[in-house]
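Chains, contacts and geometry: an overview
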Amino acid sequence: MVADVERTFEVEAPIEKVWELIADPTKRAEAISVVESYSDEGDEFIWHLELPIPVINETVTVRTQDIRRTPPEYVKFVGRSKVMEVTGEHILESTDTGCRVTNRFVVNGKVPGVEKFFQKRIDEEIDNLFDMLEDELVAEPTDG
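Computed from a predicted model, the values in this text were never measured in an experiment. (Residues numbered from 1 in each chain as written. Predicted model: local features only at pLDDT ≥ 70, side-chain atom pairs only at ≥ 80, totals over all residues. Heavy atoms only, no water.)

1. A word on the packing of aromatic side chains
Put simply, the rule is: Pairs were defined over the aromatic rings of Phe, Tyr and Trp, the Trp ring being its six-membered one, requiring ring centres within 6.5 Å. Orientation was assigned from the angle between planes: stacked under 30 degrees, edge-to-face over 60, tilted for the rest. Burial here depends on accessible area, computed with a 1.4 Å probe over protein chains only, as a share of the maximum for the residue type. Under 20% is buried, over 50% is exposed, and the range in between is partly exposed.
For the structure shown, the criterion picks out 5 aromatic pairs. On the basis of an interplanar angle of 25 degrees and a centroid distance of 5.5 Å, the ring pair of tyrosine 38 and phenylalanine 45 is categorised as stacked. Under the relative-accessibility criterion, tyrosine 38 is labelled partly exposed at 31%. Counting every residue linked through ring pairs, the aromatic cluster contains Trp47, Phe77 and Phe105.

2. Some thoughts on the environment of glutamate 73
The condition is simple: Secondary structure elements are taken from DSSP: a helix is a run of H or I of four residues or more, a strand is a run of E of two residues or more, and numbering for both begins at the N terminus. Between two residues, a contact is recorded if the distance between any of their heavy atoms is within 4.5 Å.
Looking at where glutamate 73 falls in the secondary structure, it is placed in the loop between strand 4 (60–70) and strand 5 (74–80). Placed 55 residues apart in sequence, glutamate 73 and valine 18 show a C-alpha to C-alpha distance of 9.5 Å. When near neighbours in sequence (up to four residues on either side) are disregarded, glutamate 73 contacts Ile15, Trp19, His90, Ile91 and Leu92.

Right under this line is the structure:
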(Lines give C-alpha, C1' and ligand atoms only; values in the text may rest on other atoms or scores of the structure.)
Protein backbone atom coordinates (compact mmCIF):
# COMPACT_ATOMS: atom_id res chain seq x y z
CA MET A 1 0.00 0.00 0.00
CA VAL A 2 2.57 2.58 -1.13
CA ALA A 3 2.22 5.56 -3.47
CA ASP A 4 5.55 6.83 -4.79
CA VAL A 5 5.41 9.90 -7.04
CA GLU A 6 7.72 12.57 -8.40
CA ARG A 7 6.77 15.80 -10.15
CA THR A 8 8.86 18.76 -11.34
CA PHE A 9 7.98 22.34 -12.19
CA GLU A 10 9.84 25.60 -12.80
CA VAL A 11 9.33 28.97 -11.15
CA GLU A 12 10.63 32.25 -12.51
CA ALA A 13 12.23 33.36 -9.24
CA PRO A 14 15.65 33.04 -7.65
CA ILE A 15 16.34 29.81 -5.77
CA GLU A 16 16.75 31.70 -2.47
CA LYS A 17 13.22 33.14 -2.71
CA VAL A 18 11.72 29.75 -3.60
CA TRP A 19 13.64 28.18 -0.71
CA GLU A 20 12.16 30.64 1.80
CA LEU A 21 8.69 29.34 0.94
CA ILE A 22 9.38 25.64 0.30
CA ALA A 23 11.36 25.26 3.53
CA ASP A 24 8.57 26.84 5.59
CA PRO A 25 6.36 24.08 7.07
CA THR A 26 3.49 26.55 7.39
CA LYS A 27 3.54 27.29 3.66
CA ARG A 28 3.79 23.57 2.82
CA ALA A 29 0.76 22.83 5.02
CA GLU A 30 -1.26 25.69 3.54
CA ALA A 31 -0.66 24.36 0.02
CA ILE A 32 -2.16 20.93 0.78
CA SER A 33 -5.91 20.89 0.20
CA VAL A 34 -6.77 18.28 2.84
CA VAL A 35 -4.94 20.08 5.67
CA GLU A 36 -7.76 21.61 7.72
CA SER A 37 -5.48 23.11 10.36
CA TYR A 38 -1.92 22.92 11.62
CA SER A 39 0.21 23.91 14.57
CA ASP A 40 3.89 24.37 15.32
CA GLU A 41 5.04 22.36 18.31
CA GLY A 42 8.75 23.08 18.32
CA ASP A 43 10.53 20.19 16.61
CA GLU A 44 7.29 18.91 15.09
CA PHE A 45 4.67 20.48 12.90
CA ILE A 46 1.21 18.97 13.36
CA TRP A 47 -1.18 18.68 10.40
CA HIS A 48 -4.87 17.90 10.92
CA LEU A 49 -6.19 16.26 7.74
CA GLU A 50 -9.71 15.69 6.49
CA LEU A 51 -9.42 12.68 4.18
CA PRO A 52 -12.54 11.81 2.14
CA ILE A 53 -12.00 8.07 2.53
CA PRO A 54 -14.94 5.94 3.70
CA VAL A 55 -13.08 4.05 6.45
CA ILE A 56 -11.78 7.30 8.00
CA ASN A 57 -14.49 9.30 9.73
CA GLU A 58 -12.36 11.60 11.87
CA THR A 59 -9.65 14.18 11.45
CA VAL A 60 -6.25 12.55 11.01
CA THR A 61 -3.38 14.02 13.02
CA VAL A 62 -0.04 13.82 11.21
CA ARG A 63 3.12 14.68 13.14
CA THR A 64 5.65 16.05 10.64
CA GLN A 65 9.28 16.84 11.10
CA ASP A 66 12.03 18.05 8.79
CA ILE A 67 14.76 15.42 8.88
CA ARG A 68 17.22 17.00 6.48
CA ARG A 69 17.75 20.57 5.29
CA THR A 70 20.46 21.81 2.94
CA PRO A 71 19.61 25.46 2.24
CA PRO A 72 18.75 26.58 -0.39
CA GLU A 73 18.61 23.30 -2.26
CA TYR A 74 16.96 20.49 -0.31
CA VAL A 75 14.44 19.74 2.39
CA LYS A 76 13.12 16.32 3.40
CA PHE A 77 10.32 15.77 5.89
CA VAL A 78 8.52 12.80 7.37
CA GLY A 79 4.92 12.75 8.60
CA ARG A 80 3.52 9.97 10.77
CA SER A 81 0.00 9.11 11.82
CA LYS A 82 -2.09 6.05 12.61
CA VAL A 83 -3.35 5.89 8.99
CA MET A 84 -0.18 6.65 7.01
CA GLU A 85 3.42 7.66 6.85
CA VAL A 86 4.50 10.24 4.29
CA THR A 87 7.98 11.24 3.22
CA GLY A 88 8.35 14.39 1.16
CA GLU A 89 11.38 15.87 -0.55
CA HIS A 90 11.80 19.18 -2.34
CA ILE A 91 14.92 19.58 -4.47
CA LEU A 92 15.68 23.06 -5.81
CA GLU A 93 18.04 23.83 -8.71
CA SER A 94 18.89 27.20 -10.22
CA THR A 95 18.06 27.60 -13.90
CA ASP A 96 18.67 30.37 -16.42
CA THR A 97 15.19 31.75 -15.76
CA GLY A 98 14.71 30.92 -12.08
CA CYS A 99 14.37 27.68 -10.19
CA ARG A 100 13.42 24.07 -10.94
CA VAL A 101 11.59 22.33 -8.08
CA THR A 102 11.49 18.53 -7.97
CA ASN A 103 8.93 17.12 -5.55
CA ARG A 104 9.02 13.51 -4.35
CA PHE A 105 6.42 11.95 -2.12
CA VAL A 106 6.09 8.46 -0.74
CA VAL A 107 2.84 7.69 1.08
CA ASN A 108 2.69 4.41 2.94
CA GLY A 109 -0.96 3.81 3.79
CA LYS A 110 -1.82 1.88 6.92
CA VAL A 111 -5.53 2.01 6.07
CA PRO A 112 -6.96 0.84 2.72
CA GLY A 113 -7.45 3.66 0.24
CA VAL A 114 -5.03 6.21 1.68
CA GLU A 115 -2.27 5.71 -0.88
CA LYS A 116 -4.76 5.55 -3.77
CA PHE A 117 -6.31 8.81 -2.63
CA PHE A 118 -2.93 10.58 -2.68
CA GLN A 119 -1.85 8.97 -5.93
CA LYS A 120 -5.02 10.25 -7.62
CA ARG A 121 -4.68 13.74 -6.13
CA ILE A 122 -0.91 14.30 -6.31
CA ASP A 123 -1.02 16.40 -9.48
CA GLU A 124 -3.62 18.71 -7.94
CA GLU A 125 -1.58 19.00 -4.73
CA ILE A 126 1.60 19.81 -6.69
CA ASP A 127 -0.40 22.41 -8.64
CA ASN A 128 -1.46 23.91 -5.30
CA LEU A 129 2.19 24.13 -4.23
CA PHE A 130 3.15 25.75 -7.54
CA ASP A 131 0.25 28.22 -7.26
CA MET A 132 1.28 29.13 -3.71
CA LEU A 133 4.83 29.84 -4.88
CA GLU A 134 3.64 31.88 -7.86
CA ASP A 135 1.19 33.87 -5.71
CA GLU A 136 3.75 34.59 -2.99
CA LEU A 137 6.59 35.40 -5.39
CA VAL A 138 4.51 37.63 -7.66
CA ALA A 139 3.29 39.57 -4.62
CA GLU A 140 6.93 40.20 -3.66
CA PRO A 141 8.97 42.23 -6.14
CA THR A 142 12.30 40.74 -7.18
CA ASP A 143 15.57 42.66 -7.35
CA GLY A 144 16.76 43.68 -10.78
